[in-house]
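# Survey of secondary and tertiary structure
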Amino acid sequence: MSTVTKPAEHPGIDKEDRLHLNVVKLKYTPSSATVQWALGGVNTYLPKMLAKPINYFVHAEKSAPLHDVSFVAPPSQVTAVLSSDPAERRTIMELICNRRNHGDFSGDVFLTGSGVKSNVDRSIAFVPRAANKLYTAGLSYLEMITYAARLRMDISHMPTLEGEAYIYERVMQILGMMELVWCKDRLIPERPTTRGNIGGELRRLSVAVEFVNLPPVLVLEDPTRDLDAIVSAKLVECLHRFTEKGHTVVTSLVKPSAQVFAQLDRVVVLSGGRTIYASERSNITRFYCSGPMDYSLKDGMDTADFLLDIADGVERPTGARKAPSPETLQTQFEASPYFTNPAPRQDTKSIAVLPVNSVPFFGYFDIKESLRLVKKTPTVVERAFFVKFREYEVLKKSLSSSAFMGLFIGYFLWNDGNFGDYCLSLVGMPYIEVTNVGACLFLMLASLFGMQVINVHIICQKLQVFRYERSAKCCPTFGFWVAIFVSEVPFTIFFGLVFSNISYYMSNMKSGVDNYFFYMGVHALTSVLGFTTALMFAAVSRREIIVRDFFLFCLFMNSMTSGFMFQQNAMEDAIVDISVINPLRWAYEALMVWKFASYPDGDKFLSGYSFDTFHKHKVYPILINFLIFDLAVLFLALIPAPNTLRRRTEKLTEEERQSEFEDVRFSSRLTEPVKPNIFLRESSVTGKTHITSQPSATGLEGDGVAQGPTVFFSNVTFRVPDRRSPVGYKNVLNRVTGRFDWGKLSAIMGAEGAGKSSLLHILGGQHMGTATTVNGTVFYNGKPINKNIPPWQRCAFVEAVDEHLRDLSVSDVVTYAMQLRCADRTVFKQVGLNVKQTLELLQLTDVMDVRTKDLTFGQRRRLSIAEEIVHGPELVLIDEPISNLNVKDASIIMTGTLRELVNQERTVIATMHQPSAAVFELFDTLCLLSKGRLIYMGRADEAAAFFLDAPELQFDFSEYANPADFLFDVSGSLIHNRKGEYVDAPVLEHYYKESELCERYVPPDTSDLLASNFNSRGVQSFNNPLMAGLPASTGSSINSSLESGSVRKDQRVNSDGSQGTPVSSFDIGREESTVCPKGGSSKMLMCALFMESVSNAVQNVKNMDLSLESRKAGILLRRSWYTLMKRYKLVVGSTIVALFIAFNFGWILGESTDEASAVTAVFAMGALLLIISNVQFVFFLFHNNEVFLREHSRGLYSAFIHWIVDDLPLMLLRTVQAFVYAVIVHEILELNEDGAGFYYLTTWMIMLAGTTMVTTIVYTLPDVRSAYSVIPGVSLLLFFFSGLIFKPATYPEW
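Residues numbered from 1 in each chain as written. Predicted model: local features only at pLDDT ≥ 70, side-chain atom pairs only at ≥ 80, totals over all residues. Heavy atoms only, no water.

### Topic: the packing of aromatic side chains
If you walk through the whole model with that rule in mind, you get 47 aromatic pairs. Each ring, one from Tyr277 and one from Phe333, has its centre 5.4 Å from the other, and the planes form 50°; the classification is tilted. Highlighted residues: Tyr277 in strand 9 (residues 274-280) and Phe333 in helix 11 (residues 326-334), separated in sequence by 56 residues. You can call Tyr277 buried: its relative accessible area is 0%. You can call Phe333 buried: its relative accessible area is 0%. (Phe/Tyr/Trp six-rings, centres within 6.5 Å; stacked < 30°, edge-to-face > 60°. Helix = DSSP H or I, 4+ residues; strand = E, 2+ residues; numbered from the N terminus. Buried < 20%, exposed > 50% of the residue type's maximum accessible area, 1.4 Å probe, protein only.)

### Things to note about the sheet that holds strand 3 (residues 78-82)
Here we have six strands laid out as an open sheet, ordered 5-6-7-3-8-9, and mixed in their pairing. Two strands lie at the open edges of the sheet, namely strand 5 (124-127) and strand 9, each paired on one side alone. The sheet shows a mean angle of 15° between the axes of neighbouring strands, direction not considered. Bridging between strand 3 and strand 7 (residues 248-253) involves five bridges; their strand directions are parallel. Residue pairing across strands places Val78 opposite Val249, the latter belonging to strand 7. Here helix 10 (residues 303-312) sits on the sheet in contact with strand 3, strand 8 (266-271) and strand 9, set at roughly 25° to strand 8. (Pairing = 2+ DSSP bridges. Axes fitted to C-alpha atoms, helices over the stretch in contact; angles between N-to-C directions. Contact = heavy atoms within 4.5 Å.)

### Observations concerning unusual backbone geometry
Not every positive phi belongs to a glycine, and Asp294 is a case in point at roughly 60°. Positionally, Asp294 belongs in the loop between helix 9 (284-288) and helix 10. A positive phi angle, near 55°, is found at Gln954, a position not held by glycine. The topology assignment puts Gln954 in the loop between helix 32 (943-948) and helix 33 (963-971).

### Examining the environment of Lys744
Assignment of secondary structure puts Lys744 in the loop between strand 13 (729-740) and strand 14 (745-750). Taking the C-alpha atoms as reference points, Lys744 and Leu901, 157 residues apart in sequence, are found 9.3 Å from one another.

### Looking at the packing of helix 42 (residues 1208-1229) against helix 43 (residues 1236-1260)
Their axes nearest at 9 Å, the elements helix 42 and helix 43 cross at an angle of 140°. Relative to helix 43, helix 42 is oriented oblique. Judged by the twist between their axes, the crossing of helix 42 over helix 43 is right-handed. Within the contact between the two elements, helix 42 uses Leu1210, Met1211, Arg1214, Thr1215, Gln1217, Ala1218, Phe1219, Tyr1221, Ala1222, Val1223, Val1225 and His1226 and helix 43 uses Ala1236, Tyr1239, Tyr1240, Thr1243, Trp1244, Met1247, Leu1248, Thr1251 and Thr1252. For the contact of helix 42 with helix 43, a count of residues per class yields 14 nonpolar, six polar and one charged. (Parallel < 35°, antiparallel > 145°, perpendicular 65-115°, else oblique. Left-handed = near helix turned anticlockwise from the far one by under 90°. Nonpolar A, V, L, I, M, F, W, Y, C, P; charged D, E, K, R; others polar.)

Taken by themselves, the reported measurements are silent on function.
Okay, structure coming up:
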């Protein structure tokens, strides 16, 4: 354990040297007039399919226009920029620190103060929103900041030891200010999280990295995104330590909590690209709630929410019929006394942040700055080596794959290298061993070249970090170019030589030291070429998947023109000429000459390949030339793109004036009155929208009474395996007991890891995974249990993750969701009405024709809720309904939907992490968990008083404005009482169980209730749900009218639970044999679970309602076909690939199709390419599988129906493509007409077999990256046994 050293104090900036950041009338247009003119021509004259990719690459980053943005960020203060538009926040943050490199702007951004330096880039540090993706995995926090300090600080004038000591002292200062000293030795994971305490540490680490050289101004983009309120407040508290030393801090915030907002000094609010407020935080209520503004801030409403409501047009002045436009709000603020003129005085020293004139060398780079950065090359190289040795998993994977491939090839080629004295038999045919050796030489080269695809994700990650550091002007392009080459190439050569040595000695290829070194030299250069090719593609294209696709395409094209698949005398002369740019062709030719030229008949054998005139030693300069070319392209790709940010000084044309007028006009508010206070307890819809769902909608007969159930749960325990625990498991929930009443909006709250989502999943009957144990009792009131009722009829369950078919529109998604929930044919007439009313309820009508992949995060969240409530359920369970949503989306969900459902007597239960005070006020009932224990169950508005009135707890509420924040800290044991002690979960649980409140929510005796057992060991059959069914009135109409918007609170439900006494329950199970004890047989357990699941599946098929399942099969078939056809790029692209493969054979072979070896190669290579071309559908299949898993868990349809129907459209598409491919190849090769049918049938079966294989791999593996790695490997393994590489006669008997 390392010793924590107390860091030295940062002395701070002298008052006279502190800097102001002034933004003066800043206007910004995302793309310049030239680019807009070019894009107009592209969109006008090019087809849509070609124009869209060009638009995508030009508008790679989302931007928002700005209109006369003005504010001042003084030193020693934290200035926050608030806006509901993330593109707006990103644009202003990048502009004020000169990180935006495209578009037109006018206005100015100044740094003013006597401490202004000539180099603006060294005065401003920028922490981007995606900083969590830019850490160097494998380094510790201390090492990460140390290398950042060495890159950002100038210590060239100091002696080496003195400079290192100075850097260490500075690093410890920053670690102390960011509260990271105690965890400075923690390693950064490969996939860093963005949530929880670890996410907060990493976010503070990113700030420390940029602040290590003590810049006067620090700019942060959304630093609190995805963080809890406590963790966010701790981050802002650390930022205040910077301001205390005289630094200027400017940060954008998504939606600050009350704790974070209270720590801000100044607030800037943007709306429609305009500044509607920019002053002290204390002046907000004085400006908006008095004078001409006349807004009203209600008690209990967060000030941050109030400001964002004004910006979004949700709030309006008292008595006004519409909200003012952003232009009006900006004019009113600039006319007020709270507006500070940001223009610097003439007597103040200042410097412009944004470029005044054109950048030298056409905006590519600055020579002087580049020379300064080159001096950092040794540090970059040292870090690259240090990081490489920390990549344990990558090194282990590369070594194991090299050794496996070497052993695999060596086993099949055992001693074949010593085949005799001649290559050809008496009849002029090569011996089988000779053919195998020639194939082996090619296969080893292709394997060495292709194995570099394993490291693509690491290469892309390092390039991402480099681009980030390059933009921060701390990492030279030349330095990274050298570092990535010298740190990766030795390992690449080493792993290649491991593979080569194993195969060389096992095959007994050739004796002699010279022969050995030549063989190893060619293989080493081929490995390096594979790595540099992958690195070149990664530098050109930034997306990992595209890099893998390009690399595999390059590998196959090189293989086809290498001289092995098709011999050169069988190829077209033009193809032979083109093959000179193929490194595999020269390496293979050299090894063939090296192996066979010394035999008496070697020249005759090599003449069949046209290799007889080549000298083997020419291969070294040829491969080195290819290597130089790759490195040159890599260096050019690493040079930053030209800066096209242009200052607009000329007069506006009439078209530009009209464009700006349109921007202002469309930014105005709607004339329809907007409810001023969005978080009222009544519904914002006021009962005008209802989802009509007749009793036949669910196939159940009801009594017409629409009423949600009362949910009881007793002694619920949930365990998961935990190898670190001495007992082998961990209790996520520990004997939790409580009740959720009908017609109430209930919340399950708790700190991270409290068990909120686990409890909600158990209440909703969701599958809890394998090797888990669930004990306890959950039951609903109503009629006896009907275990045949699927989960979707019992309740609506909305997961925390939004998964939709990406290319369907919003209305399509909701329509198909309703159709799958229609258990009766007569209900289909209600589908359109229910869909329409659901879209209106969630305010999705405006985007009903938009594809789901183009929706915002909040719109996707609302769509997930719409899918589940479209059939009118009476119990709604939602996991994290408003997490990371803006105020508008949160208001639509909380008041417009959930509160509306409660007003219609539904039961709504939601998990909430840390809601605002206004949101918390909406809840009727609160279930508070702490480390899996229930510490409160009762009225939400009495929860804080329950803990504050306890004399033995002695909590203090004086520092809190939001009760939810106080309860969150109590749950997480993050608050100490007046004694200075932290109260843990067992103490809080004991206090609750001893209180009178606990007795009110204890379920009645369930011994006389109907109960059923179920197997909770993670194997759940379709017809054996976890929970009891809802009452028979589940599908009844929910057209209950509201009583003038009143909310039913504590009505029809007595505190003793006498109303709605449950008459049915469901035992969650008592067996605890799920978690295999230490020393037990886990294989026997998994075998038993598998056999039981198979038995349940067979029973489900037997009990299937054929009429209902056939209707659902038709719906799924229509949806699958429609989804596939909407992916027109995928359909057209896969068809083009099939055509390219077919015509490519004819292009290569020309008129030499009568040679048997060429035709054989076409058959084998064609089969391989057809199989591996299915990799195009990985994303499509992966997203389809995510949707299937969610819908199947809800019992919408069986896995059998999905297996039969869902992939049928894809199979039909591949059938057509296989037929087109077969026809073209058949005509090119001029095959026998009598065997055409057999060839077509074989091609079709190969195509479908490949599609099925890829589908199975995608459905089995956890992520897309794994699928992209496994599919080429499996395809090459099939190709290995095709008979083209090694002759079947030499295979082992097995």
